[in-house]
Amino acid sequence: MNATFNLLGTVIFDHDNPKEQSLIIKNLVSDIEKEYPLEHGLVISHDGKRIPARSFLSTENAQELQDARMNKQYISFMLSRTELEKAQQLFLIP
């Protein structure tokens, strides 16, 4: 069974609240949750690397996130299995 079946990923972006701008990934088996703040430019910093959100998000979700940023709006969405697999290849999955 693929490990991504045991993961849940969410992106939250509230333009007016920097504390609510993050990627949250939770391992449903171990119950470990990791939150990665989205920095200016919609980038995640981890282990000395800067990872653009568009590198693991679908084109549609990346565009919606960018639109929310540009229009100063709130958006949240769940990551698809493909997006979780890309995130897993790029960096940490708890």
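Residues numbered from 1 in each chain as written. Predicted model: local features only at pLDDT ≥ 70, side-chain atom pairs only at ≥ 80, totals over all residues. Heavy atoms only, no water.

**Some points on the nonpolar core**
Inference 1: Residues Val-11, Leu-23, Phe-56, Leu-57, Leu-65, Leu-79 and Phe-91 are the most contacted members of the largest nonpolar core, which totals 22 residues.
Inference 2: Looking at this core, the elements with two or more residues in it are strand 1 (7–14), strand 2 (21–27), helix 1 (59–70), strand 6 (74–78) and helix 2 (81–90).
Inference 3: Each residue touching Leu-23, except ones within four places of it in the same chain, is listed here: Thr-10, Val-11, Lys-34, Glu-35, Tyr-36, Leu-38, Ile-44, Phe-56, Leu-79 and Phe-91. (Core = buried A, V, L, I, M, F, W, Y, C linked by side-chain atoms within 4.5 Å. Buried < 20%, exposed > 50% of the residue type's maximum accessible area, 1.4 Å probe, protein only. Helix = DSSP H or I, 4+ residues; strand = E, 2+ residues; numbered from the N terminus. Contact = heavy atoms within 4.5 Å.)

**With respect to unusual backbone geometry**
Inference 1: The phi dihedral of Asp-31 is positive, around 65 degrees, even though this residue is not glycine.
Inference 2: Assignment of secondary structure puts Asp-31 in the loop between strand 2 and strand 3 (33–37).
Inference 3: Here the phi dihedral of Asp-47 falls at roughly 50 degrees; this positive angle occurs in a residue that is not glycine.
Inference 4: Tracing the backbone shows Asp-47 in the loop between strand 4 (43–46) and strand 5 (49–52).

**Let's talk about the pattern of salt bridges**
Inference 1: In the structure shown here, the tally under the stated rule is 3 salt bridges.
Inference 2: Its salt-bridge partner being Lys-26, residue Asp-31 comes within 2.9 Å of it at the nearest N-O pair.
Inference 3: With a relative accessible area of 23%, Lys-26 lands in the partly exposed category.
Inference 4: Arg-50 serves as the salt-bridge partner of Glu-39, at 2.8 Å between the closest nitrogen and oxygen. (Salt bridge = Lys/Arg side-chain N within 4 Å of Asp/Glu carboxyl O.)

Shape is all these values report; function is a separate question.
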